[in-house]
Amino acid sequence: NTERINKTVLDASVARVLRLKFEMGLFENPYVDPEKAKKEVRSEESVTLARRVAQASITLLKNEHSLLPLNIKMNSFVFNKSDYNMKVALIGPNADNRYNMLGDYTAPQEEENIKTVLDGIRTKLSSSQVEYVKGCSIRDTVTVDIEQAVVAAQRSEVVIAVVGGSSARDFKTSYKETGAAIADEKTISDMECGEGFDRATLSLLGKQQELLKALKATGKPLIVVYIEGRPLDKNWASENADAVLTAYYPGQEGGIAIADVLFGDFNPAGRLPFSVPRSVGQIPLYYNKKAPQSHDYVEMSASPLYPFGYGLSYTSFDYSDLHLSVLTPRSFEISFKVRNTGKYDGEEVAQLYLRDEYASVVQPLKQLKHFARFYLKRGEEREVKFILSEEDFSLVDRNLKRIVESGTFQIMIGAASDDIRLQTKVEIK
């Protein structure tokens, strides 16, 4: 209702937009040089950055018996391109699907600019060492070839199944005005979520779950990689797969980055930016819920399958020597040491959570206030420091004013919201 908008506020908002357009010269020259734009977007630096971002975000959720990385010995097999003719079965609807790497709101792309998981693995192994079978689609149940996928798995030493979802618009599919994809005789879209295209469950759609179970039945080591735009149901994979990763929508270099992680050229250090539920019945589910603590359901635990901040590495880290220094009555320096105690160089993400033990307004059980991502060679130790300021201890009171109340605050430091390694308390007066 424009009558309720103050004219001064409206003028200021319009002025900001117009000022930016003037500064960019859009009124004098509203057009751009497409060739110049293309060159800048597809620069070598941009491609390298896309790969680095994808590598950094990939999150390792499970790694039973240290199956990963694949470039080391696993049981009697040597997973190294130069030393052993390893055979990998790459299966799944997202193993070689270019648009599903990108997600929604993506402009039309030339296919050669997008690297799938199949592309990535072919940079690590020879073509004779990789057998790819799609197996099934994301949600289409017409085109299914699970039997061939099983045969390929039986001929291999390890199975990599790439499943999940897609909110990608492949520009070959017709869409309703709401944005929902239309299946017709020309194409059957695999888009299973997106704007105006909602889902009622978090389960894998189509025949994907049947595909995973069939691959598991072969007895071969099973790695499950999720390409997803939301935390899909991972209960079965968590219990049955030997290794589980999520790559989210990893972008144009995502397939190369996933292969880098699988074969040990990059040690994963991604951390979950959300909590992965065990059931849709838990939603909304978040680490920083307000008191009191949740009680368990009749059928299951109230805890998430994978908590906020969670993520594994190929190495391990120890935390020690927590020290607190008073800077002012309401600010403190927190220091502690982290040591890489594993076999590999890698990155750790130290996280600091804070809890107000008593407040005039109900507060979260814990809140992430600071985190630091850093690289440590194996055996290396470093000191990590965080500054807790007055703002960190503040809250919005019943009068909607931001204030700091006196009381006891619990400081928790660890590798995830449920993996607290060091704790102390501080009094605010």
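Above this note sits the structure.
These numbers were taken from a predicted model, which means no experiment stands behind them.

### Some details on the overall build of the protein
- Regarding its fold elements, the protein presents 8 helices and 19 strands.
- Its C-alpha atoms give the protein principal-axis dimensions of roughly 70 × 60 × 50 Å.
- Within the protein, the proportion of its 429 residues that are buried is 47%.
- Intrachain contacts of the protein at a sequence separation of at least 6 include 70% that bridge at least 24 residues.
- For the protein, the exposed area adds up to about 22600 Å²; of that, 50% sits on carbon and sulfur atoms.
- Charge centroids of the protein, computed over 55 positive and 59 negative side chains, lie 2 Å from each other.

### Comments concerning helix H6 (residues 208–216)
- All of the buried residues in H6 are Gln-208, Leu-211, Leu-212 and Leu-215. Down the axis, H6 shows its buried residues gathered within 95° of arc, on one side only.

### Re the pairing of strand S5 (residues 130–133)
- Two elements, strand S4 (residues 88–91) and S5, share 4 bridges in a ladder whose sense is parallel. Within S5, the position partnered with Ala-89 by the bridge is Glu-131.
- The handedness of the S4 to S5 crossover, carried by helix H4 (residues 117–122), is right-handed.

### Some remarks on the packing of aromatic side chains
- Tallied over the full model, the rule gives 10 aromatic pairs.
- Each ring, one from Tyr-287 and one from Phe-308, has its centre 4.2 Å from the other, and the planes form 15°; the classification is stacked. Of this pair, Tyr-287 sits in the loop between helix H8 (254–262) and strand S11 (317–328) while Phe-308 is found in the loop between H8 and S11, placing the two residues 21 residues apart along the sequence.
- Judged by relative accessible area, Phe-308 falls into the buried class, the value being 15%.

### Details of the nonpolar core
- Judged by nonpolar contacts, the single largest core of 37 residues is most densely connected at Leu-68, Leu-90, Ile-121, Ile-160, Ile-223, Leu-245 and Ile-258.
- Going through the elements one at a time, S4, H4, strand S6 (158–164), strand S9 (222–227), strand S10 (243–248) and H8 are the ones with two or more residues in this core.
- Looking at this core element by element, the count peaks at 5 residues for H8.
- Among residues more than four places away in sequence, those in contact with Ile-223 are Leu-67, Leu-68, Leu-70, Val-158, Val-159, Ile-160, Ala-161, Ala-243, Leu-245 and Leu-262.
- Listed in part, the 32 residues of the second largest apolar core include Leu-61, Ala-241, Val-276 and Tyr-310.

### Observations concerning empty space enclosed by the protein
- Applying the stated rule across the entire model yields 1 cavity of 30 Å³ or more.
- Of the voids in this model, the largest cavity is the one considered here, and its volume is about 60 Å³.
- Lining of the largest cavity is provided by Leu-354, Arg-355, Asp-356, Gln-363, Gln-367, Lys-369, Asp-392, Phe-393, Ser-394, Leu-395 and Phe-409.
- Elements supplying a minimum of two residues to the lining of the largest cavity: strand S13 (346–356) and strand S14 (367–376).
- Considering every element that reaches the lining of the largest cavity, the biggest residue donor is S13, with 3 residues.
- Counted by class, the lining of the largest cavity contains 4 nonpolar, 3 polar and 4 charged residues.

### A look at the pattern of salt bridges
- Tallying each qualifying case throughout the model produces 19 salt bridges.
- Salt-bridge contacts for Glu-131 lead to Arg-155; the nearest nitrogen and oxygen are separated by 2.4 Å. Separated by 24 residues along the polypeptide, Glu-131 in strand S5 and Arg-155 in the loop between helix H5 (146–154) and S6 bring together distant segments of the chain.
- For Glu-131, a relative accessible area of 16% gives the class buried.
- Exposure remark for Arg-155: the relative accessible area of 46% places this residue in the partly exposed category.
- The residue Glu-357 makes a salt bridge to Lys-425 at a minimum N-O spacing of 3.1 Å. Here the residue Glu-357 occupies a position in the loop between S13 and S14, and Lys-425 occupies one in strand S19 (residues 419–428), the gap between them amounting to 68 residues.

### Some remarks on the sheet that holds S6
- The 6 strands lie next to each other as S1-S10-S9-S6-S4-S5, forming an open sheet whose pairing is mixed. Whereas interior strands pair on both sides, the edge strands pair on one side only; in this sheet they are strand S1 (59–63) and S5. Averaged over all pairs of adjacent strands, the angle between strand axes in this sheet comes to 15°, irrespective of strand direction.
- Inspection of the sheet shows S6 paired to S9 by 6 bridges, in the parallel sense. When the bridges of S9 are listed, Ile-160 appears paired with Ile-223.
- Lying on the sheet, H6 is in contact with S4, S6 and S9; it crosses S6 at an angle near 170°.

Reading the values: rules and limits
- Residues numbered from 1 in each chain as written.
- Predicted model: local features only at pLDDT ≥ 70, side-chain atom pairs only at ≥ 80, totals over all residues.
- Heavy atoms only, no water.
- Helix = DSSP H or I, 4+ residues; strand = E, 2+ residues; numbered from the N terminus.
- Buried < 20%, exposed > 50% of the residue type's maximum accessible area, 1.4 Å probe, protein only.
- Contact = heavy atoms within 4.5 Å.
- Areas by Shrake-Rupley, 256 points an atom, 1.4 Å probe, with all protein chains shown as cover.
- Lys, Arg positive; Asp, Glu negative; His and termini not counted.
- Charge placed at Lys NZ, Arg CZ, Asp CG, Glu CD.
- Arc of directions from axis to C-beta.
- Pairing = 2+ DSSP bridges.
- Right-handed = clockwise from strand over helix to strand, strands pointing away.
- Phe/Tyr/Trp six-rings, centres within 6.5 Å; stacked < 30°, edge-to-face > 60°.
- Core = buried A, V, L, I, M, F, W, Y, C linked by side-chain atoms within 4.5 Å.
- 1 Å grid on protein atoms, 1.4 Å probe; cavity = no way out; pocket = protein on both sides within 12 Å on 5 of 7 lines; lining within 4 Å.
- Points joined across faces, edges and corners; volume = space filled by probe spheres on them.
- Nonpolar A, V, L, I, M, F, W, Y, C, P; charged D, E, K, R; others polar.
- Salt bridge = Lys/Arg side-chain N within 4 Å of Asp/Glu carboxyl O.
- Axes fitted to C-alpha atoms, helices over the stretch in contact; angles between N-to-C directions.

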